[in-house]
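Each chain is listed here by its residues.
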Amino acid sequence: IKLATFSFAALLLASCSDSNSDAPNNNNGEKSIVGKEVVSITNAEELAARVINYNTNFSTRARTRANISEPQVTQLTMPAAPTANGTTVEGNIDKPGDYIVKSNVSIEIGNISNTNIYVTNEGELTITNHYGIGENVNIYVLKGGKLHYQSGNIDYNIYVYGDATFDTNKPNIYISANKGIYIEGDWTTSTDIDNRGNFYIGGNYNGAKFYPGWGSYSTFKGNLTLKNDFKTAGSVYIGKNLKAQNLEFGSEVYIGGNVDISNNKYSTNTESANVYIGGDLKCGDFYNNQGSTTNVQGENGLDLSNKDITINGKVNFAGTFKANTLILAGTTDFYACGIVTKGTFTINSNTARAYVNYIEAPNIYQCADSHIFLANHGYINCTGTYENQNNGVGSITLTGTNASGLFKANKVKYNGINDYDLGNNQRFSTCQLFN
């Protein structure tokens, strides 16, 4: 008993960074116990061979076990800066061709296609209006050049190189489909961006509101920092960190670093959402829509100890997931190094699966054809009642060859089919805890 108690206490110290029975009553109140003859063993070597030490490092973390495909996000690239050539701009441009801006000019652009405009290091271009824009119209703001945008929708491509300047006095900009803004360095703006085409930032982006609409592509090589909510419907790549208010992902999103939305809500709102976070996620609430995927690789996990969380879809946390209560419902594949709850952990669907190194919960409720897959040398510590309402179907499965694990509960409650005959017209239901 002392050895077993010590081993369990040592096991509880294992962290994700390391890895990671009441008898039935007769009618007269007497208890019936069915067992085998007890054999006393006094040989020290034989006793030692029977001891399993659970205080060990987990060789397999949740991140390596999770069968989750990364989002297929298209990364935009910045084309090399071209050489300026063409006619010097002195007034409005209303004919196709190649033009060079060498001075401070304010113009309108109209009825053109197959046109290139180059703003040199001596040039400063203000576009006050445009109309009748056809295909293949490009504006190149070369190093040292300046572009002040005061027109309508972005109906052409704008490329800004090096220390060149791009600004606008408009409160919002709409980027049309198949058109785009490409900025080689950083950009800070108070303008709201509605992207339906292409948007590329080679450095850090600081903005108010950015909405990538359906069919759009957005690439941020550095950090993305927004003052408002971030909602997506298009493909998004963020090389480093994301900071915003509430997050509502409806598309494929790749984030290389950390995500920080303070105490606001993280959510996926479509079945096609697939979000990869290479670092940690910090939020105050978490919702994963059925069919969608969230994959968080930061080893700090997520602490929502004061929140009741219900999860649907596919979710992976390389660290520990903490909640007040946690329900795995619907079609769910939930991967985590560990699950820790203050209240009940529930897994209650025919298609709900949990893949963990350990679970710590006051109460655990399992039903239907749900399954808990416990890593080799993993453990479940239920300080209250473990209840299984579909005993023998919903179960705990140890993963790995010759795997072993530890289960501890104050009380086990389960249903059954009275499959064991005790005699005297009494029957007993077998508890099939492990599969």
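Refer to the structure printed above.
The sections below set out a description of the structure shown in this document. Here the residue numbers are simple positions, counted from 1 along each chain's written sequence. At least 70 in pLDDT is required for a residue's local features to be given in this predicted model, at least 80 for side-chain atom pairs to be given and counted, and no such filter applies to totals for whole chains, interfaces and linings, which use all residues. To get the side-chain values, all heavy atoms of the structure are used, and hydrogens and water are removed first.

1. Digging into the overall build of the protein chain
Helix and strand content of the protein chain: three helices and 38 strands. Each residue is placed in one exposure class: buried if its accessible area under a 1.4 Å probe, protein chains only, is under 20% of its type's maximum, exposed if it is over 50%, and partly exposed if it falls in between. Expressed as a percentage of its 435 residues, the buried residues of the protein chain come to 46%. Throughout, the Shrake-Rupley method with a 1.4 Å probe supplies accessible areas, and for residues the shown protein chains are the sole cover considered. Of the roughly 20,600 Å² of accessible surface on the protein chain, 43% is carried by carbon and sulfur atoms. Runs of H or I in DSSP of at least four residues are treated as helices and runs of E of at least two as strands, each being numbered from the N terminus.

2. Brief notes about the pattern of salt bridges
We define a salt bridge as a side-chain nitrogen of Lys or Arg found within 4 Å of a carboxyl oxygen belonging to Asp or Glu. Applying the stated rule across the entire model yields three salt bridges. The partner of Glu135 in a salt bridge is Lys179, and the shortest N-O contact between them spans 3.1 Å. Placement of the pair is Glu135 in the loop between β5 (124-133) and β6 (137-141) and Lys179 in the loop between β10 (172-175) and β11 (180-183), with a sequence separation of 44 residues. A relative accessible area of 56% means that Glu135 is categorised as exposed. Of the charged contacts in the structure, one is a salt bridge between Arg196 and Asp194, with a shortest N-O distance of 2.8 Å. Judged by relative accessible area, Asp194 falls into the partly exposed class, the value being 21%.

3. Some thoughts on the sheet that holds strand β3 (residues 104-112)
Only strands joined by at least two bridges in the DSSP assignment are considered to pair. Pairing is parallel across the open sheet formed by four strands, whose spatial order is β3-β5-β7-β9. Each end of this open sheet is capped by a strand with a single partner; those strands are β3 and β9 (165-168). Taking each pair of neighbouring strands and ignoring which way they run, the sheet shows an average axis angle of 25°. In this structure, β5 lies alongside strand β7 (residues 146-149), joined through four bridges in parallel fashion. Pairing of Thr126 across the sheet is with His148, part of β7. An axis is simply a line fitted to the C-alpha atoms; with a helix, the fit covers only the stretch in contact. Between two such axes, the angle follows the N-to-C directions and lies from 0 to 180 degrees.

4. Observations concerning unusual backbone geometry
You will see that Asn111, though not glycine, has its phi angle at about 55°, which is positive. Within the secondary structure layout, Asn111 lies in strand β3.

5. So, the environment of Phe286
With respect to the helices, strands and loops of the structure, Phe286 is situated in strand β28 (residues 285-287). Distance in space between the C-alpha atoms of Phe286 and Ile309 is 6.9 Å, their sequence separation being 23 residues. Residues are treated as being in contact if the distance between any of their heavy atoms lies within 4.5 Å. Sequence-distant contacts of Phe286, that is, excluding residues within four places in its chain, are made with Tyr266, Leu281, Thr294, Leu302, Leu304, Ile309, Ile311, Val315, Phe317 and Phe321.

6. Some details on the pairing of β10
Because side chains alternate across β10, one face comprises the buried residues Ile173 and Ile175, and the other comprises Asn172 and Tyr174, none of which is buried. By the bridge criterion, four bridges tie β10 to strand β13 (residues 192-195) in an arrangement that is parallel. Note that in β13 the partner of Asn172 across the bridge is Asp192.

7. Overview of the sheet that holds strand β22 (residues 247-249)
Taken in spatial order, the four strands make up an open sheet running β19-β22-β25-β28, and their pairing is parallel. The sheet is open, and its two edges are formed by β19 (230-232) and β28, each paired on a single side. Going across the sheet, the axis of each strand differs from the next one's by a mean of 5°, ignoring polarity. For β19 and β22, the ladder comprises three bridges, and the chain directions are parallel. Counted as the bridge partner of Lys231 is Glu248 from β22.

8. Focus on the nonpolar core
Core analysis: the largest hydrophobic core is formed by 84 residues, its most contacted members being Phe230, Phe321 and Phe345. At 13 residues, the largest contribution of residues to this core is made by strand β30 (residues 302-341). In this structure, Met78, Tyr118, Leu142 and Tyr200 belong to the second largest nonpolar core, which totals ten residues. Put simply, buried Ala, Val, Leu, Ile, Met, Phe, Trp, Tyr and Cys residues joined by side-chain atoms within 4.5 Å make one nonpolar core.

9. A closer look at the packing of aromatic side chains
Aromatic ring pairs are described here by two measures, namely the spacing of the ring centres and the angle between the planes. Each Phe, Tyr or Trp ring, with Trp reduced to its six-membered ring, pairs with another whose centre is within 6.5 Å; inter-plane angles below 30 degrees give stacked pairs, above 60 give edge-to-face pairs, and intermediate values give tilted ones. The tally for this structure, following the rule as stated, stands at 29 aromatic pairs. Ring centres 5.4 Å apart and planes at 15° place the aromatic pair Tyr118 and Tyr140 in the stacked group. Here Tyr118 is found in strand β4 (residues 115-119), whereas its partner Tyr140 is found in strand β6, with 22 residues between them in sequence. Judged by its relative accessible area of 6%, Tyr118 falls in the buried class. Considering the side-chain rings of Tyr159 and Tyr182, the 4.8 Å spacing of their centres and the 20° angle between planes classify their relative orientation as stacked. With Tyr159 in strand β8 (residues 157-160) and Tyr182 in strand β11, this residue pair connects regions lying 23 residues apart in the sequence. There is no split in this pair, since Tyr159 and Tyr182 are both buried.

10. Topic: the side chain of Ser292
With respect to the helices and strands, the residue Ser292 is situated in the loop between β28 and β29 (293-296). Note on Ser292: relative accessible area 1%, which makes it buried. A distance of 2.7 Å separates the side chain of Ser292 from the side chain of Thr268, its partner in a polar contact. N or O atoms closer than or at 3.5 Å make up a polar contact, with two conditions inside protein: a donor-capable atom paired with an acceptor-capable one, and, for residues adjacent in sequence, both atoms drawn from side chains.

Geometric descriptors of this kind do not, in isolation, establish any biological role.
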